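# Understanding the architecture of this molecule
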Amino acid sequence: MLLMLLVSTTVMLTVTAQNGDCSVDLKTSVVTCMPKIDTVHPSSGPVNGGTLLTITGKYIGNETDSIYVDVSGIRCHNVTVITPETNLTCVIGKGSATQTYGIFISVNANNFSDTKATYFGFKEAMISEFSPKKGVVSGGTTVVIEGSELEFEGQNRYNISFCNNYTCIQCSVMQNTLSAKSIICKTGQSGEVRNMTKLQIVIDDLTVLALNGSFQYLPDPTFNISDESQKAMQSGGAIFTIRGEGFANVGEITVDRVEKPCDLPEDTLAVCVTPPKIQNQSNDQTVHVHFDGFILPINIVYVDDPSFEKFLGVLEYDHESSINIKGTNILNGARRGDYSVHIGLDGKCFSSDITMHLITCFPPKSVPRTNKADENTVHVIVLVGRITAYIGDIQYIEDDNQFSLVVGLLTGGLVISVFIGITAVLISRRNKKRAIKRCKMEMSKDLSELRKNSRNDNEVGLYEESETPYSEINPGAELNSSSSSVGHQDVNTGYEELGHRSPRPTNPYNHLQQSKSDNQIPDTTNIDNRTNGLLTRDYMNLKI
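Just so it is clear, the structure is predicted and the values come from calculations on it, not from any experiment.

### Observations concerning the packing of aromatic side chains
One pass over the full model with this rule turns up 11 aromatic pairs. Considering the side-chain rings of Y68 and F104, the 6.1 Å spacing of their centres and the 65° angle between planes classify their relative orientation as edge-to-face. Of this pair, Y68 sits in strand β7 (residues 67-71) while F104 sits in strand β10 (residues 103-107); the two residues are 36 residues apart in sequence, bridging distant segments of the chain. Each residue in the set F130, F162, F215 and Y217 is aromatic and connected to the rest through ring pairs, giving one cluster.

### Some thoughts on the pairing of strand β34 (residues 358-362)
Of the strand pairs in this sheet, strand β31 (residues 323-328) and β34 are connected by 4 bridges, and their pairing is antiparallel. Its bridge partner lying in β34, I325 is registered against I359. In the sheet, strand β33 (residues 347-354) pairs with β34 via 4 bridges, with the strands oriented antiparallel. Across the sheet, residue D353 finds its bridge partner in β34, namely T360. Between β33 and the antiparallel strand that follows it, β34, lie 3 residues.

### Structural notes on the state of the cysteines
Put plainly, a disulfide is one covalent bond tying together the sulfur atoms of two cysteines. Using the criterion set out here, one finds 6 disulfides in the structure. Linked covalently through their sulfurs, C171 and C185 form a disulfide whose S-S length is 2.1 Å. On the S-S bond that ties C171 to C185, the torsion sits near 90°, and the link is right-handed. Of this pair, C171 sits in strand β17 (residues 168-173) while C185 sits in strand β18 (residues 182-187), and the two are 14 residues apart along the sequence. Note on accessibility: C171 and C185 belong to one class, buried.

### Regarding the pairing of strand β32 (residues 339-343)
In terms of burial, β32 is largely enclosed, as 4 of its 5 residues are buried. By the bridge criterion, 3 bridges tie β32 to β33 in an arrangement that is antiparallel. Bridge assignment links H342 to a residue of β33, and that residue is K348. Connecting β32 to the next strand, β33, in antiparallel fashion are 3 residues, including G344 with a positive phi near 65°.

### Details of the sheet that holds strand β11 (residues 110-114)
The antiparallel open sheet is built from 7 strands, whose spatial order is β4-β6-β9-β8-β7-β10-β11. Two strands in the sheet have a free side with no partner beyond their single neighbour: β4 (36-41) and β11. Sheet twist, expressed as the average angle between the axes of neighbouring strands with direction ignored, equals 25°. Pairing analysis gives 5 bridges linking β7 to β10, with the strands arranged antiparallel.

### Concerning the nonpolar core
Counting 26 residues, the largest nonpolar core has F308, I325, Y339, V341, I343, I359 and V382 as its most contacted members. Taken together, the elements giving at least two residues each to this core come down to β31, β32, β33, β34, β35 (377-384) and β36 (387-396). When residues of this core are assigned to their parent elements, the largest contribution, 5 residues, is made by β36. Setting aside its immediate chain neighbours within four residues, V382 contacts F308, I325, Y339, S340, V341, I359, I387, T388, A389 and I391.

### Here we look at the pattern of salt bridges
Tallied over the entire structure, the rule returns 8 salt bridges. R157 is paired through a salt bridge with D204; the nearest N and O atoms lie 2.6 Å apart. One end of the pair, R157, is in the loop between β15 (142-148) and β16 (158-163); the other, D204, is in the loop between β19 (194-203) and β20 (207-218), with 47 residues separating them in the sequence. Using a relative accessible area of 6% as the deciding quantity, one classes R157 as buried. The salt bridge partner of K260 is D263, with a shortest N-O separation of 3.1 Å. Residue classification places D263 among the partly exposed positions, given a relative accessible area of 40%.

### So, the sheet that holds β16
Here 8 strands make up an open sheet; going across it, the order is β13-β15-β18-β17-β16-β19-β20-β14 and the pairing mixed. Every interior strand has two partners, whereas the edge strands, β13 (126-131) and β14 (134-136), have only one. Ignoring which end each strand starts from, the neighbouring axes of this sheet average 35° apart.

### Some points on the environment of P84
Within the secondary structure, P84 is located in the loop between β8 (74-83) and β9 (87-92). Separated by 22 residues in the primary sequence, P84 and N62 place their C-alpha atoms 4.9 Å from one another. Setting aside chain neighbours within four positions, we find P84 in contact with G61 and N62.

### Some remarks on the side chain of H319
Inspection of the secondary structure assignment puts H319 in the loop between β30 (315-317) and β31. Residue H319 is classed as buried on the basis of its relative accessible area of 12%. At a separation of 2.7 Å, a polar atom in the side chain of H319 contacts the main-chain carbonyl oxygen of K365.

### A short note on unusual backbone geometry
The omega angle of the peptide bond from H41 to P42 is 0°, so this bond is cis rather than trans. Looking at where P42 falls in the secondary structure, it is placed in the loop between β4 and β5 (44-46). Omega for the peptide link from S131 to P132 comes to 0°, which places this bond in the cis form. For N329, which is not glycine, the phi dihedral falls at a positive 55°. Here N329 shows up in the loop between β31 and β32.

### Looking at the environment of S131
The topology assignment puts S131 in strand β13. For S131, a relative accessible area of 36% puts it in the partly exposed group. In the structure, S131 is positioned 14 residues away from I145 in sequence and 6.8 Å away in space, judged by C-alpha atoms.

### Some thoughts on the confidence of the model for the chain
Counting all residues, the mean pLDDT for the chain is 81, and 77% of those residues have values of 70 or more. Across residues 534-544 the pLDDT falls below 50, and counting only partners more than four positions away or on other chains, this stretch makes 9 contacts in the model.

Rules of the game
Residues numbered from 1 in each chain as written. Predicted model: local features only at pLDDT ≥ 70, side-chain atom pairs only at ≥ 80, totals over all residues. Heavy atoms only, no water. Phe/Tyr/Trp six-rings, centres within 6.5 Å; stacked < 30°, edge-to-face > 60°. Helix = DSSP H or I, 4+ residues; strand = E, 2+ residues; numbered from the N terminus. Pairing = 2+ DSSP bridges. Disulfide = S-S within 2.5 Å. Buried < 20%, exposed > 50% of the residue type's maximum accessible area, 1.4 Å probe, protein only. Axes fitted to C-alpha atoms, helices over the stretch in contact; angles between N-to-C directions. Core = buried A, V, L, I, M, F, W, Y, C linked by side-chain atoms within 4.5 Å. Contact = heavy atoms within 4.5 Å. Salt bridge = Lys/Arg side-chain N within 4 Å of Asp/Glu carboxyl O. Polar contact = N/O pair within 3.5 Å; in protein donor to acceptor, adjacent residues only side chain to side chain. pLDDT = per-residue confidence, 0-100.

And the structure:
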């Protein structure tokens, strides 16, 4: 009886798997596992939806299971199991930029939910500008598209085209160039000259961004190429030129295995650098130059690199002479303009002549900066292509003649300064003497005019005084005065007093002559004294 009870109890129990995620009903043999989501890729998409999500996890269903997926609160449609139980895909619906949290999955009514973590977010993409505005019909022009919220990682999410009313030409996205503010793509071939009027970007099939703007497909460049092969050093880095027309229509000119694009100083000239020789191949090789999508093959003949002899010890330098750098194959695969000789940390040796076996150049006269213990000792380095050759050191020697020249120049400058100072003093004194003389002449002239005016004033005064006696003894005036004043003396009384004061009659003209004579002498004396005082004071001021 006890045994039967134990068996019955065992049947009613469930067995739990070791990982704790699954259980099995021993009666029905049905295994039940709880789903769990680990990752969602990609992590973002446009608000219009349409993004294909790849979800990985555990026990997330088989092809025959009933599966429901909700990401960031938005239903994910078209669920497809890629790998049973561990991997599935679905297409997210339309959302908004504010929906970023949570995920939910149901597999045969067994649910998994996480409302706190961010598995996927929505972004609202926009485009505002693109450049350049032209390219060649062969395509391959690199176009930079600017905007905001443009970065959506993952393969085949973008479809970019330049369109007009009749056709669209695709611009392929360059991988690893995406950012939130830009997309970089390369134009496809046009086949003919045409003008495109619109840029169109489709993201995840449901988001279409359009920008009106002209992009011109222009003719491919033409070239003036000789049949003679270019010579180049095996290490590469030598400069070669390409001439032609229409180079300005090209966005970028590049050479295989060379990172730096070619320079374009003008529409008809491209200056490029040779790549290094491909080892285990013949010296005669073909190098491809890319004018965007148009490819120009250039035949290169590689020759031995140049080599250089080092100085025997430290070379003494007198600040004036040239130095010689010996070598072999100097001009075999490089031009004179390819060479640069550096002196010290910031000096250059200016080349006067370069031959196949010798470089002659003039170092700077003053000592360049150096990293040597001796400030007068600097290194010499030859640069050509990818070659950097240390030649040795030169030491700037002290130049006594140069020191004497400097002292002589300083002394001469001092003498000239003293001479100029003395000359300036003499000129100043001469100008002062001229000013004093001119002032004396002007004041003498003013004195003469002042004396003349004084005499005229005295004559006028004498003329006025001659009328005064007659006014004093005018009988009519006295009579009028007596008649208008009560108790005044009689007119005859006045004459009597006059008779008593002047016992002898005097001539009024004598009185006038005496006044004139007395007035002239004091006035002239005073005028002369004042004038002499002014002259003396002004002269003293000028002298000081």
